[in-house]
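Spelled out, the chains give:
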Amino acid sequence: MRLRKTLDFLLYQWLDVESLSRRERFADHSRESFDAVLDICERIAREKYAPFNRLVDSQEPRLERDAVVLPQATHEAHRAYVESGMLGAAQDYAYGGMQLPYTVNASANAFFALASVGIGSHMLTVGNANLLLVHGTPGQQQVFAANELSGRWAGTMCLSEPQAGSSLSDIATRALPDGEGFEKDPLGPRYRLTGNKMWISSGDHELTENIIHLVLAKIPGPDGQLIPGTRGISLFVAPKRLVDAEGRLTGERNDIALAGLNHKLGWRGTTNTLLNFGEGKFPVAGRAGAVGYLVGRPHEGLRCMFHMMNEARIGVGTAATMLGLAGYYASLDYARSRPQGRPIGASGKDATSAPVRIIEHADVKRMLLAQKSYCEGALALELYCARLVDEDRTGDAESARQARLLLEVLTPIAKSWPSEWCLEANSLAIQVHGGYGYTRDFPVEQYWRDNRLNMIHEGSHGIQAMDLLGRKVLMENGRGMQLLAARMQETMARASAHAALASHAAALGQALGQVGAATQKAWASANPTEALANAVPYMQAFGHTVLAWIWLDVAATAVAQDPQQAHSATVGRLGAAQFFYHYELPKIGAWLSVVQSRDMTCATLPEEAF
Ligand SMILES: Cc1cc2nc3c(=O)[nH]c(=O)nc-3n(C[C@H](O)[C@H](O)[C@H](O)COP(=O)(O)OP(=O)(O)OC[C@H]3O[C@@H](n4cnc5c(N)ncnc54)[C@H](O)[C@@H]3O)c2cc1C
């Protein structure tokens, strides 16, 4: 099953996205227009992205005379993406968008991630523009967001600093009002920024005429000191090249200097940069200090940033999923063509017989089925979350409220589960290839390297786990968790009607009970140090339970439509679901055991004992 067929099943049979076209916002759409978008993206990804995936890995971005050089293929892929209209596809018609449902938009973007995750970083540009459309002034929206959505300019997110990654409360970039009348600038209250931003993706390149940075910085208090904690953080929009109120370049560089390119393990097609703000390399009006315009109110920068977190995290989860699927498809092709070894029959091996293809060995099938269950399950989860985003935006008040709550609980899983398990899928894809998989003659090692990023950025694994157990499952007295449990119960009831799924439904019920009990026990002493000491095993168990639910729901739809299991796609889906229930779900017992006993083995081992 290749991506398009899987997507078609999930979108149209499972999630019924066609029904969205009955909503006012999507009234101009139909399956025809959804298919047209998917067709175009699939084609551009096949022609402009996939053939260059290895090239962008081997020809890393480099610096020549203060400019970042990227392969010509990257420029062409970028142009094709912009021309497809995908940058603003989900946006309002007023911004040149197509008012496409986010679920279809995310599905269409999946083709690019599958073909070459490293070539583009459009997600940042779109996220940047979307944030400005919510929190920016009309001037900022017209000048910055509109030009980003048209593809004229690109966007970044500048949060991290060399000394502050997970702990953004420790950022040290300062913002000071830019002289008399600083509040009256048509582009928003004007500040001067000083500080260093580390790890900034697409922080510098020549793909677009300008780069629009969204920057977190602190405005000092009346005593001149930075306010400790996240309370002091504000958000600014700072263009690489200064512009006037009509969006024309003034010809002056902003004081933002590229201090260096980071050389990464993978995802090498995208630049990753250390940017120095306000060091005086490009003085503005004769003074050091990068010009930045306040977005939203002072000290509310993180709140504004969080606005785009759900989509950014669904985007990261989808990228991890696509890398997993790319490895799965490659290893499936390899396993179907590589002859090696002979099967073990009842009387052992027959050395005189011809070797079989490795897909005929049970252990290779195990590795393929593991990849299929991780990656197709993760894809279903991402699309389910994307559908919740559409519900949040266009559903009636009650279903929008439920969608929001569910997204709160599911987003850490949507980001982290594929980052961990689709990476494991990539490792299995290498294993299926044997020694060849460990070489650069085959693509799977690159998929693994590219995917290794996803557990690190957008909130590292450990931070996501603490967010889940420390905040999300507790918020609103556990209402999000209760709602999720209710959705799982609905699926169990639906699935129990099918003989092939009844035992899975029972297993899911047990798993749900185990997760609920472990959550209670983790917090039984009301001591966060104890509760959160095993947050990652908790997230692993929670994530596996969510994926078991997703698989059961997908399988229930598949079997309802094809009760005789006449199609190999149905047999494959039921096989992947069974694999997940037999080989994966039982793992949650071990993970939850340390959670519920509040095991302090790791937390209390003295440093000297390591
Ligand atoms: C390729 C790449 C692209 C990136 N792109 C961007 C970008 O565009 N914009 C941007 O702003 N940032 C970006 N980042 C930065 C990324 O978000 C950070 O790397 C991430 O937040 C982790 O911060 P850190 O690297 O400083 O690690 P640290 O915060 O030092 O963490 C190191 C380890 O310690 C753990 N840890 C830290 N604190 C705790 C805690 N309180 N409890 C338990 N464990 C903890 C972490 O989980 C992690 O495993 C990018 C990073 C990379 C590698």
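Residues numbered from 1 in each chain as written. Predicted model: local features only at pLDDT ≥ 70, side-chain atom pairs only at ≥ 80, totals over all residues. Heavy atoms only, no water.

> I'd like to hear about the overall build of the protein, residue by residue, with values.
Looking only at helices and strands, the protein has 20 helices and twelve strands in total. The globule rule puts the C-alpha radius of gyration for 610 residues at 25 Å, and the 25 Å found for the protein is close to it. With respect to the principal axes defined by its C-alpha atoms, the protein has extents near 90 × 60 × 55 Å. Here the protein, with 610 residues, has 56% of them falling under the buried criterion. (Helix = DSSP H or I, 4+ residues; strand = E, 2+ residues; numbered from the N terminus. Rg over C-alpha atoms; globule rule 2.2 N^0.38 Å. Buried < 20%, exposed > 50% of the residue type's maximum accessible area, 1.4 Å probe, protein only.)

> Explain helix α6 (residues 122-135) to me, and be specific about the residues and the numbers.
With 14 residues, α6 ought to run about 20 Å at 1.5 Å a step, and its terminal C-alpha atoms sit 20 Å apart, in line with that. Across the 14 residues that make up α6, a large majority, twelve, are buried. If you check which residues of α6 are buried, you get H122, L124, T125, V126, G127, N128, A129, N130, L131, L132, L133 and H135. (Expected span 1.5 Å × (residues − 1).)

> Now, about the pairing of strand β6 (residues 210-218): what can you tell me, with residues and values included?
The element β6 is largely enclosed, with a buried count of nine among its nine residues. As defined by bridge partners, strand β3 (residues 153-158) adjoins β6 across six bridges and the pair is classed as parallel. Among the inter-strand pairings, W153 is bridged to a residue of β6, identified as N210. Strand direction decides the pairing type here: β6 and strand β7 (residues 233-239), joined by seven bridges, are antiparallel. Bridge pairing in β7 links A217 to S234. (Pairing = 2+ DSSP bridges.)

> If you had to explain the site of the ligand to someone new, which residues and values would you point to?
As a structural note, the neighbourhood of the ligand is formed by 18 residues, with M157, S160, S166, W199 and S460 the closest of them. Here a nitrogen atom of the ligand sits 2.7 Å away from a polar atom, N or O, in the main chain of M157. Within the side chain of S166, an N or O atom sits 2.6 Å from an oxygen atom of the ligand. Here the ligand has 970 Å² of accessible area as a free molecule, and 61% of this is covered by the chains. At the level of elements, β3, β5 (190-201) and α13 (461-472) are the ones that each hand at least two residues to the shell around the ligand. For the shell around the ligand, the leading source of residues is β5, giving three residues. The residue inventory of the shell around the ligand, partitioned by class, reads nine nonpolar, seven polar and two charged. (Near = heavy atom within 4 Å. Polar contact = N/O pair within 3.5 Å; in protein donor to acceptor, adjacent residues only side chain to side chain. Areas by Shrake-Rupley, 256 points an atom, 1.4 Å probe, with all protein chains shown as cover. Nonpolar A, V, L, I, M, F, W, Y, C, P; charged D, E, K, R; others polar.)

> Account for helix α12 (residues 444-451), naming residues and giving values.
Counting buried positions along α12 yields seven of eight residues, so the element is predominantly enclosed. Contacts from the buried residues of α12 go to α3 (53-58), α9 (309-337) and α11 (397-433). (Contact = heavy atoms within 4.5 Å.)

> Would you mind going over the packing of aromatic side chains in detail, with residue names and values included?
All chains considered together, the criterion is met by 18 aromatic pairs. Centre to centre, the rings of Y384 and W549 are 5.2 Å apart; their planes meet at 80 degrees, and the pair counts as edge-to-face. Of this pair, Y384 sits in helix α10 (residues 362-394) while W549 is found in helix α17 (residues 535-561), placing the two residues 165 residues apart along the sequence. No difference in accessibility class separates Y384 from W549, as the two residues are buried. Within the aromatic cluster, the residues linked to one another by ring pairs are Y374, W417, W421, F580 and W591. Directly above the ring of F9 sits R573, whose terminal nitrogen or CZ lies 3.7 Å from the centroid. (Phe/Tyr/Trp six-rings, centres within 6.5 Å; stacked < 30°, edge-to-face > 60°. Lys NZ or Arg CZ within 6 Å of the ring centre and 35° of its normal.)

> Any details on the side chain of N262? Residues and values, ideally.
You can see N262 is positioned in the loop between β10 (256-261) and β11 (272-277). Judged by relative accessible area, which is 18%, N262 ranks as buried. Of the polar contacts made by the side chain of N262, one reaches the side chain of N272; its length is 2.7 Å. Sequence-distant contacts of N262, that is, excluding residues within four places in its chain, are made with M198, W199, N272, T273 and L274.

> Mind laying out the pairing of β7, listing which residues take part and the relevant values?
Counting buried positions along β7 yields seven of seven residues, so the element is predominantly enclosed. Sheet topology places β7 next to strand β12 (residues 290-295); three bridges connect them, and they run antiparallel. Following the sheet pairing, V237 is matched in β12 by Y293.

> So, the nonpolar core: which residues are in play, and what are the values?
Grouped together as the largest cluster of nonpolar side chains are 136 residues, with contacts concentrated most on Y538, F542 and V546. Setting aside residues no more than four positions away along its own chain, F542 makes contact with V409, I413, L468, V473, M481, L484 and V515. (Core = buried A, V, L, I, M, F, W, Y, C linked by side-chain atoms within 4.5 Å.)

> Please give an account of the pattern of salt bridges that cites residues and values.
Applying the stated criterion across every chain yields a total of 42 salt bridges. Ionic pairing is found between E209 and R152, a salt bridge with its closest N-O pair at 2.9 Å. Here E209 is found in the loop between β5 and β6, whereas its partner R152 is found in the loop between α7 (138-149) and β3, with 57 residues between them in sequence. A salt bridge links D467 to K472, with the shortest nitrogen-to-oxygen separation between them at 3.2 Å. (Salt bridge = Lys/Arg side-chain N within 4 Å of Asp/Glu carboxyl O.)

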